[in-house]
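# Coordinates in review
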Amino acid sequence: MKELINNVNKFSNPSELRITDMKFADIVGAPMDCTLMKIETNQGIVGFGEIRDFSSKTYALILKSRIMGENPCDIDRIFRKIKQFGGHARQGGEVSGIEVALWDLAGKAYGVPVYQMLGGKFRNGIRMYCDTDVEGKHSGTDMGKALKKRMEKGFTFLKMDLGIELLIDIEGALSAPLGTLDQLRQFTQQELSYGIMDDKYADLFNVPHPFKGIQITEKGLDILEKYVADVRSEIGYEIPLAVDHVGHVLVESCIKLAKRIEKYNIAWMEDAIPWYFTNQYEKLSQQCNIPICTGEDIYLKENFKPLLENRAVSVIHPDVLTAGGIMETKKIGDMAEEYGVSMAIHMAESPIACMAAVHCAAATNNVLALEFHSNDIPWWNDLVMGLPKPLVKDGYINVLDKPGLGIDDLNDEVIKEHLDSRRPGLWEDTSSWNNEFAHDRIWS
């Protein structure tokens, strides 16, 4: 009995816990631009959340008045109250980030880890798949050597980009409406891979793939196939290797490429098409023997269902900070399991988002791996306090038996060093958003 009493959090009275404030810090280079979030309470307990990379804290500020005074332990009710304001991709970030912070608060209030509140864990360690970039012009051999270094660090699952950015300067490798390729050649491979946030080129980067008319030629397919072959010659065939960022090409080019690289034992082809073109995903899946994967830009469980019902994917790939948060991502995984589909989890953000995904992955049965995109960011682990260093060891993150997400505090000194110069405030006052009002009900 004495031991039980010692494990009770005497500084929290969960039934009287109330949200009193919401604050932010915007950082860059983690490896993406990220918005860190604190939700404060009347009992001094602070919950940590995060808004999806390349999103905006304004989305969350709009919701501040909707959650002020709420008991953060009422996670499901609050989520249902605010989920109407979320959307796909970065527009899901505010609802998802708040939901993550609520789980952190509830876990701290009750003194239990988030995975335990989700029903317990299926695994003690989460396999991390290491996404790897090589800057500038490079060969498949260069990429293979970079991936081999990941393997030497203990990673057991790998991913690389494989797309038209590798072909853009090669005459005859791509076919497109005249002038399109000349415009694309103005950008670096990295910019082409991740897209350009510039209104001047909205017609290039904000028009979905099927409407651009870009195709990979046989010469281009030869080059990409050789690239993959050279990678495999460096890393071997036993380790899973996924590919991403094919580029804004027609689905027919995706099918041709998939057929070319089947022999190289590809773990999955990711986001080859905008996620909402279910029929095109179905066509791609049926005409190649590579697992097809998408989902990082999908908000809410019901929007994954068409892909699953139509057998259009073999792997779903939600991001906790877009999908709707921790519980919604677990529900997505559970639903996919019923269709025989596995789940990998997208994650290119700070340790806050990472730990949210770790708890979700621990509590979901059909998880393959969790993405790790910050292997080359030396200060990434230092953004938070209370987690092991290094957090990722031998390609895994151990599931911690600590309250909430397991993060004791944020490291303001490190955060200050990496604040976004365009949005430089550190935990600034947001009281002007406390009383924002609208009649939110969506029926008369």
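Residues numbered from 1 in each chain as written. Predicted model: local features only at pLDDT ≥ 70, side-chain atom pairs only at ≥ 80, totals over all residues. Heavy atoms only, no water.

This structure, assessed with the given rule, holds eight aromatic pairs. Geometrically, the ring pair formed by Phe 157 and Trp 268 is tilted, given 5.4 Å between the ring centres and 40 degrees between the ring planes. Here Phe 157 is found in the loop between helix H6 (140-152) and strand E5 (158-161), whereas its partner Trp 268 is found in strand E9 (residues 266-270), with 111 residues between them in sequence. For Phe 157, a relative accessible area of 7% corresponds to the buried category. On the accessibility criterion, Trp 268 (0% relative accessible area) is buried. Connected via pairs of aromatic rings, a cluster forms that spans Phe 211, Trp 275, Tyr 276 and Phe 277. (Phe/Tyr/Trp six-rings, centres within 6.5 Å; stacked < 30°, edge-to-face > 60°. Helix = DSSP H or I, 4+ residues; strand = E, 2+ residues; numbered from the N terminus. Buried < 20%, exposed > 50% of the residue type's maximum accessible area, 1.4 Å probe, protein only.)

Attention shifts here to the pattern of salt bridges. Overall, the coordinates contain 39 salt bridges when judged by the stated rule. Where Lys 108 meets Asp 104, a salt bridge forms, and the shortest distance between an N and an O atom there is 3.0 Å. Linking Lys 108 with Asp 104, this pair stays in helix H4 (residues 93-110), spanning four residues, or about one helical turn. Look at Lys 108 and you get buried, because its relative accessible area is 15%. Under the relative-accessibility criterion, Asp 104 is labelled buried at 0%. Lys 263 is paired through a salt bridge with Glu 225; the nearest N and O atoms lie 3.1 Å apart. (Salt bridge = Lys/Arg side-chain N within 4 Å of Asp/Glu carboxyl O.)

Okay, the packing of H4 against helix H15 (residues 326-338) next. Contact geometry of H4 with H15 gives a least axis separation of 8 Å together with a crossing angle of 105 degrees. If you check the angle between H4 and H15, you find them roughly perpendicular. Contacts between H4 and H15 pair Glu 99, Val 100 and Trp 103 from the former with Ile 326, Met 327 and Glu 328 from the latter. Considered class by class, the residues forming the contact of H4 with H15 number four nonpolar, no polar and two charged. (Axes fitted to C-alpha atoms, helices over the stretch in contact; angles between N-to-C directions. Parallel < 35°, antiparallel > 145°, perpendicular 65-115°, else oblique. Contact = heavy atoms within 4.5 Å. Nonpolar A, V, L, I, M, F, W, Y, C, P; charged D, E, K, R; others polar.)

Counting 139 residues, the largest nonpolar core has Ile 261, Met 269, Leu 284 and Ile 326 as the members making the most contacts within it. Here the element with the most residues in this core is helix H16 (residues 351-362); it accounts for ten residues. Setting aside its immediate chain neighbours within four residues, Ile 261 contacts Leu 162, Glu 225, Val 228, Val 243, Ile 266, Met 269 and Ile 290. Ala 242, Ala 267, Val 315 and Ala 344 belong to the second-largest nonpolar core, a separate cluster that totals nine residues. (Core = buried A, V, L, I, M, F, W, Y, C linked by side-chain atoms within 4.5 Å.)

Below, the discussion takes up helix H12 (residues 278-286). Taken as a whole, H12 has its buried residues at Thr 278, Tyr 281, Leu 284 and Ser 285. In a view along the axis of H12, the buried residues occupy a sector of 120 degrees, so they form one face of it. Turned more than 90 degrees away from the buried face of H12 sit Asn 279 and Gln 286, all of them exposed. Its buried side turned inward, H12 meets helix H11 (251-261), E9, strand E10 (292-294) and helix H13 (305-309). (Arc of directions from axis to C-beta.)

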